[in-house]
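# Close look at the chain arrangement
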Amino acid sequence: MKLAFGIALAASVLVVGCSGSKQEGAAPGGSSSKPGKKIVVGFSQIGAESGWRTANTESIKSEAAKRGIELRFSDAQQKQENQIKALRSFIAQKVDVIMFSPVVEAGWGPVMQEIKDAGIPVIVADRRPDVSEDMYVTFIGSDFVEEGRRAARWLAKKMNGKATILELQGTPGSAPAIDRKKGFEEVLKDYPGMKIVLSQSGDFTRAGGKQAMEAFLKSPVGRTANALFAHNDDMALGAIQAIEEAGLKPGKDIVIVSIDGVRGAFEAMVAGKLNCTVECNPIIGPQLFDAVEAVVAGKQLPKRIVVEEGVYDQSVAAKELPNRKY
Ligand code: GZL
C-alpha cells in the first residue's frame, strides 16, 4: 500500500512567509551579491548516523555541484557543539547562505542571533530548531508528527487494534524523535488495546537499535511484546538482529513498523523481517538549492516547505525496491 502525498506549501505559513521579516529573502552580505559571482553556502550536517543521513548528504552535495554552487560542508558527528562551531566559522567566512539540520531542537538562540546580526540568511534543512521563525528564511523538511500518525494507523490496522508495543526512539530532544512519538501516541488514543510497554532511545543508529532491543528482550515485559515501533529504519534493522539472536522471528513474532524508507528496509520487508516503513524523503537537495538561489535573488519564500512522502508495506516492497533512490 502506498499513499502518495503531494508537495504541500502550508498556505497559512505562506502568508507568514511574506511577512517581510529581516530573514525574508534578505540579500546576503557575501560575495554572490555581486553579479556573476559563485554562490557560497555553508552547510552544517548532523553526521552520518543512518542510511537516511548518508542519502541526505549525497543529495545536498550532488545538487550543489550540479548548480556550480560552492558548498562548505561540515559533519558534526551528531554533536551540537560541533554544529555551533561550524556555524560560527561560516559567519567568519562571510558565506552567502547558511544551511543546517539541527541535531536537537534546543540551544540555537545565541548562534542564530550572531548569524542574523551578520546579515547572513539561514535555511533550515530536515529538522527544526526551537527558535522564532524570523531567525530563518524557510524550513524545508518532513512532517514528523504525520509520519508518527501514519506508523500508528498502519500498525492498528495490521494488529486489529490490539498490540503490546516496544518503541525505539530517535535522538533525545531531536524534532523527529519528539514529533514521531507525538503523532504515534495521538493515534493510539483511539485504540485502548494498543499500548507502548517499553520505550528507549537508540539514537537513530543500527547499533543503538540492536542494543536497546537486547535490553527490551531481557525484561519480562519486553518478552510479552508483539509489535515494535522504531523511529527510523536503521534502529529497526539493528532490532531485527537482536530479535533473531533471541530466537524469535522478526516480522512474525514481533510485527515491526519503522520510518525512513531506506533500501535496507525494503530488503528486510522482502525477506519478511520488517512489515512497514513510512517514507521520510532525504532527497531534498533540489528544494534546498532552489531556496538558496531564491534567497540570493532576494525572492520571498514560504516559512515552511513540506516534502512528498508515502507509506510502503510488505505487499508492495518487492515491486517498489527497484525504484528506490536511497
Ligand atoms: C528525519 C531525519 C532523521 C531520520 C534518521 O528527517 O532527521 O535523522 O529519520 C536520521 O534516519 O538519523
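Scroll up to find the structure this text is about.
Please read these numbers as outputs of a predicted model, since none were measured by experiment.

Thresholds applied
Residues numbered from 1 in each chain as written. Predicted model: local features only at pLDDT ≥ 70, side-chain atom pairs only at ≥ 80, totals over all residues. Heavy atoms only, no water. 1 Å grid on protein atoms, 1.4 Å probe; cavity = no way out; pocket = protein on both sides within 12 Å on 5 of 7 lines; lining within 4 Å. Points joined across faces, edges and corners; volume = space filled by probe spheres on them. Helix = DSSP H or I, 4+ residues; strand = E, 2+ residues; numbered from the N terminus. Domains from an automatic or database assignment. Buried < 20%, exposed > 50% of the residue type's maximum accessible area, 1.4 Å probe, protein only. Polar contact = N/O pair within 3.5 Å; in protein donor to acceptor, adjacent residues only side chain to side chain. Pairing = 2+ DSSP bridges. Right-handed = clockwise from strand over helix to strand, strands pointing away. Axes fitted to C-alpha atoms, helices over the stretch in contact; angles between N-to-C directions. Parallel < 35°, antiparallel > 145°, perpendicular 65-115°, else oblique. Contact = heavy atoms within 4.5 Å. Nonpolar A, V, L, I, M, F, W, Y, C, P; charged D, E, K, R; others polar. Near = heavy atom within 4 Å. Areas by Shrake-Rupley, 256 points an atom, 1.4 Å probe, with all protein chains shown as cover. Sits in = over half its atoms within 2 Å of the grid points.

Here the focus is empty space enclosed by the protein. This model, assessed by the stated rule, comprises one cavity of 30 Å³ or more. There is about 90 Å³ of room inside the largest cavity. Around the largest cavity, the lining comprises 13 residues; the ones closest to its centre are Trp 52, Arg 53, Arg 127, Arg 180 and Asp 260. Among the elements of the structure, helix H2 (51-67) and helix H6 (175-188) are those that each provide at least two residues to the lining of the largest cavity. When we break the lining of the largest cavity down by domain, the ones giving at least three residues each are domain 1 (5-141 + 282-308) and domain 2 (144-280).

A word on the side chain of Glu 146. The residue Glu 146 is located in helix H5 (residues 144-158) in this model. By relative accessible area, Glu 146 is classed as buried at 14%. A polar side-chain atom of Glu 146 sits 2.7 Å from a polar atom in the side chain of Arg 149. Of the polar contacts made by the side chain of Glu 146, one reaches the side chain of Arg 153; its length is 3.1 Å.

Here strand E7 (residues 163-169) runs beside strand E8 (residues 194-201); their pairing, made up of seven bridges, is parallel. Counterpart to Ile 165 in the pairing with E8 is Ile 196. Following the backbone out of E7, through H6 and into the adjacent parallel E8, one traces a crossover that is right-handed.

Right, let's get into the packing of helix H3 (residues 80-92) against helix H4 (residues 109-117). Orientation of H3 relative to H4, taken along the N-to-C sense of each, is 10°, at an axis distance of 10 Å. Here H3 is positioned roughly parallel relative to H4, judged by the angle of their axes. Judged by residue contacts, Ile 84, Leu 87, Arg 88 and Ile 91 of H3 engage Val 111, Glu 114 and Ile 115 from H4. Considered class by class, the residues forming the contact of H3 with H4 number five nonpolar, no polar and two charged.

Moving on: the site of the ligand. Within the structure, the ligand sits among 13 residues, and Glu 49, Asp 126, Arg 127, Arg 180 and Asp 260 are positioned closest to it. At 2.6 Å, a side-chain N or O of Glu 49 approaches an oxygen atom of the ligand. Between Ser 50 and the ligand, the recorded distance is 3.0 Å, taken from a side-chain N or O atom to an oxygen atom. In the complex, 100% of the free accessible area of the ligand, which totals 320 Å², lies under the protein chains. A majority-of-atoms criterion places the ligand in the largest cavity. Going through the elements one at a time, H2 and H6 are the ones with two or more residues in the shell around the ligand. Residues that form the shell around the ligand fall into these classes: five nonpolar, two polar and six charged.

Keep in mind that these numbers describe shape and distance, not what the molecule does.
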